[in-house]
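# Architecture and fold: a report
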Amino acid sequence: IVSRDWSSDVCSSDLVIKILEFELQGVIRYTYYYVILDKANREAKILNFLKEQAQESLHHAQLVSDVLAGLNEYEPLAILPNYHLNNYNAIDILLASHAHEQQAVEYYKHLLEVVKGCNKYLEEFTSKMVIEEEEHTQELQQMINEYQV
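Summary of the structure given here. This one's a predicted model, so the numbers in the text were calculated from it and none came from an experiment. (Residues numbered from 1 in each chain as written. Predicted model: local features only at pLDDT ≥ 70, side-chain atom pairs only at ≥ 80, totals over all residues. Heavy atoms only, no water.)

## Observations concerning the nonpolar core
Formally: In this description, a nonpolar core means a group of buried Ala, Val, Leu, Ile, Met, Phe, Trp, Tyr and Cys residues linked to one another through side-chain atoms lying within 4.5 Å. The buried label goes to any residue with under 20% of its type's maximum accessible area, the exposed label to any with over 50%, and the partly exposed label to all in between, with areas taken from a 1.4 Å probe on protein chains only. Working definition: helices are DSSP H or I runs of at least four residues, strands are E runs of at least two. Numbering for both runs from the N terminus.
Counting 17 residues, the largest nonpolar core has Val16, Ile19, Val64, Val67, Leu68, Tyr108 and Leu111 as its most contacted members. Looking at this core, the elements that each hand over two or more residues are α1 (10–40), α2 (44–70), α3 (90–115) and α4 (120–148). Listed in part, the 16 residues of the second largest apolar core include Tyr33, Ile46, Leu140 and Ile144.

## As for the packing of aromatic side chains
For the record, the criterion: Classification of ring pairs rests on two measures: the distance between centres of Phe, Tyr or Trp rings, Trp counted by its six-membered ring, which must be within 6.5 Å, and the angle between planes, read as stacked under 30 degrees, edge-to-face over 60 and tilted in between.
One pass over the structure, following the stated rule, counts 2 aromatic pairs. Here Phe22 and Tyr107 contribute two aromatic rings whose centre-to-centre distance is 5.0 Å and whose plane-to-plane angle is 70°, an arrangement assigned as edge-to-face. Pair noted here: Phe22 is in helix α1 and Tyr107 is in helix α3, with a separation of 85 residues, a long-range link. Seen in terms of ring centroids, Tyr32 and Tyr33 are 6.5 Å apart; in terms of plane orientation they differ by 50°. Their pairing is tilted. The exposure class of Tyr32 is partly exposed, given its relative accessible area of 29%. Accessibility expressed as a relative area gives 0% for Tyr33, which makes it buried.

Fair warning: the whole summary comes from geometry, so function is off the table for now.
In structure tokens, the structure reads:
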């Protein structure tokens, strides 16, 4: 990866740090749901999705950490995942995952507003992330519809 210096974009660094924390929370959330659902239920489609989401959240966190390195930001992270559910059945896990992905879309959209017009690389990166997170939200909504029938 080519190192970039975006330190003039400090207005966006706090938001990028929040997004990194959120992506890392996703790694924990999806891994935990995978473990819980695996013991309670053998829904292969959902299990595969949760496993893939944990891996993708980690990949997103790594991409975002590269952006932070370009911003020359190295602050401690506050990763306090809130993934507790009252019930750990397939539909509740899907609904919680959908809410998590919707929040990710909102974070990335907010970052896009902040960087629009002032940093082309961050704008392009963030636009791609919005699309990916929206795709996850749509995929989850399809699974929710299938399981609520």
